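Chain by chain, the residues:
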Amino acid sequence: MAYKTVNPYNNELVKEYPSATADDIEKALSTGYALYKKWRDEPAASRADALHKIADLLRKNEDELAKIATTDMGKLYAESKGEVELCAIIADYYADNGAEMLKPTPISSRNTGDAEIYHQSTGVLMMVEPWNFPYYQIMRVFAPNFMVGNPMILKHASNTPGSAEAFEKIVKDSGAAAGSLTNLFASYDQVSEIIADPRVQGVALTGSKRGGQSVAENAGKNLKKNSMELGGSDAFVVLSDADVDKAVDLAWRVRIYNAGQVCTSDKRFIVADNLYDEFLKKLKANFEKLVPGDPMDPKTTIAPMNSKRAKEKLQGQIDKAVAGGAKVYYGNEPVDLPGQFLQPTILTDIDKDNPEFYDEMFGPVAQVFKVGSDQEAIDLANDSELGLGGIVVSEDAQHGKAVAEKIETGMVFVNSFLVSLPELPFGGVKGSGYGRELSQLGLNAFTNEKLIVTAQEPDWNNPAGGLAVFNGK
Ligand code: NAP
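Per chain, the residues get numbers from 1 upward, laid out in the order the sequence is written. Per-residue local features are limited, in this predicted model, to residues with pLDDT of at least 70; the limit for side-chain atom pairs, both in listing and counting, is 80 or more; totals at the level of whole chains, interfaces and linings are taken over all residues. Side-chain metrics rest on all non-hydrogen atoms present in the structure, leaving aside hydrogens and water.

**Q** Mind laying out the pattern of salt bridges, listing which residues take part and the relevant values?
**A** Here, a salt bridge means any Lys or Arg side-chain nitrogen found within 4 Å of an Asp or Glu carboxyl oxygen. Here the structure, examined in full by the defined rule, presents 23 salt bridges. The salt bridge partner of Lys81 is Glu62, with a shortest N-O separation of 3.9 Å. On the criterion of sequence distance, the pair formed by Lys81 in helix α4 (residues 77–101) and Glu62 in helix α3 (residues 62–73) is long-range, its members being 19 residues apart. The buried label applies to any residue whose accessible area, calculated with a 1.4 Å probe on protein chains only, is under 20% of its type's maximum; exposed applies above 50%, and partly exposed to all values in between. What makes Glu62 buried here is its relative accessible area of 16%. One continuous salt-bridge network, built from bridges that share partners, spans Glu26, Asp197 and Arg199. Helical segments are the DSSP runs of H or I of at least four residues, strand segments are the runs of E of at least two, and each set is numbered from the N terminus.

**Q** Tell me about the environment of Gly162, and please be specific about residues and values.
**A** With respect to the helices and strands, the residue Gly162 is situated in helix α6 (residues 161–173). In this structure, the C-alpha to C-alpha distance between Gly162 and Pro151, residues 11 residues apart in sequence, is 21 Å. In this view, Gly162 contacts Thr5, Tyr17, Ile68 and Asp72; residues no more than four positions away in its chain are not counted. Any two residues having at least one pair of non-hydrogen atoms within 4.5 Å are treated as being in contact.

**Q** Before we move on, can you summarise the site of the ligand with the specific residues and values?
**A** Here, proximity means that at least one heavy atom of the residue falls within 4 Å of the molecule or strand. In the region of the ligand, 27 residues are neighbours, and Trp131, Tyr188, Ser208, Leu230 and Glu360 sit closest. Pairing of N or O atoms within 3.5 Å defines a polar contact, subject to two protein rules: one partner must be a possible hydrogen donor and the other a possible acceptor, and residues neighboring in sequence count only if both atoms are side-chain atoms. At 2.6 Å from an oxygen atom of the ligand is found a side-chain nitrogen or oxygen belonging to Trp131. The side chain of Lys155 places a nitrogen or oxygen atom 2.9 Å from an oxygen atom of the ligand. To measure how exposed things are, a 1.4 Å probe is used in the Shrake-Rupley method; for residues, cover is taken only from the protein chains shown. Considered on its own, the ligand offers 910 Å² of accessible surface; in the complex 93% of this is hidden by protein. Broken down by secondary-structure element, the contributors of at least two residues to the shell around the ligand are α5 (136–148) and α8 (209–221). When its residues are assigned to classes, the shell around the ligand shows 10 nonpolar, 11 polar and 6 charged. How far each domain reaches was decided by an automatic or database domain assignment. Lining the shell around the ligand are residues from two domains, each supplying at least three of them: domain 1 (3–230 + 432–451) and domain 2 (235–414). Note on residue categories: nonpolar means Ala, Val, Leu, Ile, Met, Phe, Trp, Tyr, Cys or Pro, charged means Asp, Glu, Lys or Arg, and polar means any other residue, Gly included.

**Q** Residue-level account of the packing of helix α7 (residues 188–196) against α8, with values.
**A** Closest axis-to-axis distance for the α7/α8 pair is 9 Å, and the angle between their directions is 35°. Considering the relative orientation of α7 and α8, their crossing is right-handed. Counted together, Tyr188, Ser192 and Ile195 of α7 and Arg210, Val215, Asn218 and Ala219 of α8 form the full contact between these two elements. Of the residues contributing to the contact of α7 with α8, the split by class is 4 nonpolar, 2 polar and 1 charged. Note on geometry: axes are C-alpha line fits, over the in-contact stretch for helices, and angles between N-to-C directions span 0 to 180 degrees. Here a crossing is taken to be left-handed if its near helix is turned anticlockwise relative to the far helix by less than a right angle, and right-handed if that turn runs clockwise.

**Q** Mind laying out the sheet that holds strand β9 (residues 225–229), listing which residues take part and the relevant values?
**A** When DSSP finds two or more bridges between a pair of strands, those strands are recorded as paired. With respect to topology, 6 strands assemble into an open sheet ordered β7-β6-β5-β8-β9-β19, the strand pairing being mixed. Each edge of the open sheet is held by one strand with a lone partner, namely β7 (181–183) and β19 (433–434).

**Q** Residue-level account of helix α13 (residues 397–404), with values.
**A** Those residues of α13 that fall on the buried side of the exposure criterion are His399, Gly400, Val403 and Ala404. Down the axis of α13, the buried side of the element spans an arc of 140°, and every buried residue falls inside it. Taken together, the buried residues of α13 touch α12 (374–382), β16 (390–393) and β17 (413–414). The arc in question is traced by the directions running from the helix axis to the C-beta atoms.

**Q** I'd like a rundown of a nonpolar patch on the surface, residues and numbers included.
**A** Candidates for patches are residues over 30% relative accessible area with no salt bridge; among them, like charges are joined within 9 Å and nonpolar side chains (Val, Leu, Ile, Met, Phe, Trp, Tyr) within 5 Å. Residues Ile107, Leu451 and Val453 make up a contiguous nonpolar surface patch of roughly 250 Å² in combined accessible area. Note that Ile107 resides in strand β3 (residues 105–107). On the basis of relative accessibility, which here comes to 37%, the residue Ile107 falls in the partly exposed class.

**Q** Quick one: what's the story with the environment of Glu395, residue by residue and with numbers?
**A** Its place among the elements puts Glu395 in the loop between β16 and α13. Separated by 3.1 Å, the side chains of Glu395 and Lys246 make a polar contact.

**Q** Give a description of unusual backbone geometry that names residues and reports values.
**A** Even without a glycine there, the phi angle at Ala259 is positive, about 55°. Assignment of secondary structure puts Ala259 in the loop between α9 (244–256) and β11 (268–272).

Structure below.
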C-alpha cells in the first residue's frame, strides 16, 4: 500500500512518500545488526542519556509533532499534544529505571553455585504499528528495547508516514546511534522478508486481527518470538450501586476520545437495569453536545475518523447491526462536513444473533446493553472473542474489584478510565493477542532470559546425581 498523508478533516493529499527499496532494507538490517553487536558490549545505562534527550526533544517539538499527527490521522490537536507528552514520560521512565530493571536476577538454588538470570538483548526487532496513536505506539516498543539493546526497524501504518518520519528524526537528533530505530516505508512482502532474516530476532505488532494473523504466521514460520497487541471490544460495566452521573461522565469520554478509535476504548456498555434508562438518556445528552470540526480548532470536540476506508467500514457495521435488529437510540445521521466525520451513535437491542454482536466497532459508536445482575454483566462482558481491557463502575470499590476479577481481559480499571503508563503492563488475552508492552513485562518481552550459574568447582554430591555417575564419580 502506498504511504501517503491524506488529511481526514478536508481530504487533501498532503504528501506521498517513496516506498522502501531492497537497498534500504539491507542497510537497515546491517546497520541494526552491527549496532546490536556493539551494544552487547556496552552497559544499558550508557543509553539512558540519549533516551532522556529524546524525551526533551519530544517536549521541545510538541506543537509541531502534534500538528503532524493531527494532519496524518485527524485526532484533536490537544489529544495529539497529550500523546507527545505521554511518549516523553515513557522515555524518561525507561531512561531512569531501565538499567536497574535489567540487572541480573539472582535465583535461590541448591548448591550448584550462584544462579542468576541475565536479561540480555537478542537482536534486531521488527515493529509494525498502527495509526491511532502514531507516536505512542512506537514508543511503547522503542523505549524499553532501546535500553535492552535491541535495535529496531519500524513499519508504520501507510496513512501516518509523516508521524513515522518525525519520530525517526527525533531519535536521530538525540544523538542515539544510527540504526537505533530505522523507519521503512515497507510493503507487506518486505515486512515478511525482514522477519525471515536471521539478524531479526523479534516481531512486535499492534493492529487488527487481520494484520496480526498474517505477521504472527510469518513470525511463527521463522520461529521468531513475537508479541501481538490486537483489537478490543471492552466492556464498561455499570453495577447497580453505581452513581449514574459519575458513570456517564466516564462513559462518554472513554467512547469519544480519539474519535472512538482506541483499542481499549470501551465499546460495550453493560448497565444494571435500575440505571439503564437514565444512563442512556444522559449518555445521549453528552453525545448531543459534541461539536465536529477542524481538529486543530480548540472548539472542536469530536474529530473526524482517520480515513475514508475506516469511516465506510464503521458505517457498514452500523447498517448491518441495524438490519440485524439493533435500534438507533441516537445518531447515525450524516455530518455536513467534507471530512471523514461519523456522528456519535448509540445502539441498543443488540442480540447475540445480531451479525455485529462479536465485532469491534472502531469509532464513535456505543453499544448499550441492559442486565439484571452482576453475574449477567460478567457473562456478557466475557461473551467476546476479544479480551483486552475494561472498566467497572460502582460506589463500592471492593464490589467493583470483585467483578473486575471475573472479567477475562488483560486489564480492568475500577472507577477510572483505563490509563496507560510506563510502569503498567499493557496487553490482552484471547483474540486481543498475547504478550505485554510496557512495565517490567514489556521490558523483558524480547530479552534473552539467560541463566548463568557460577561455581568454584563441580559439586559431585549434587542431588542431580545422574550427572555425577556419568562423569565416573
Ligand atoms: P491493521 O490494518 O492491522 O494495521 C496495523 C499495522 O499493521 C499497519 O502498519 C499495517 O500496515 C500493518 N499490517 C497490516 N497487515 C499487514 C501484513 N499482512 N503484513 C505486514 N503489515 C501489516 O490495523 P488497523 O485496523 O489499522 O488498526 C486498528 C486495530 O488495531 C484495531 O483492531 C485496534 O483495536 C487495534 N489496536 C490495538 C492496540 C493494542 O495495543 N492492543 C492498540 C491500538 C490499536 P498498512 O497501514 O500499510 O496496512
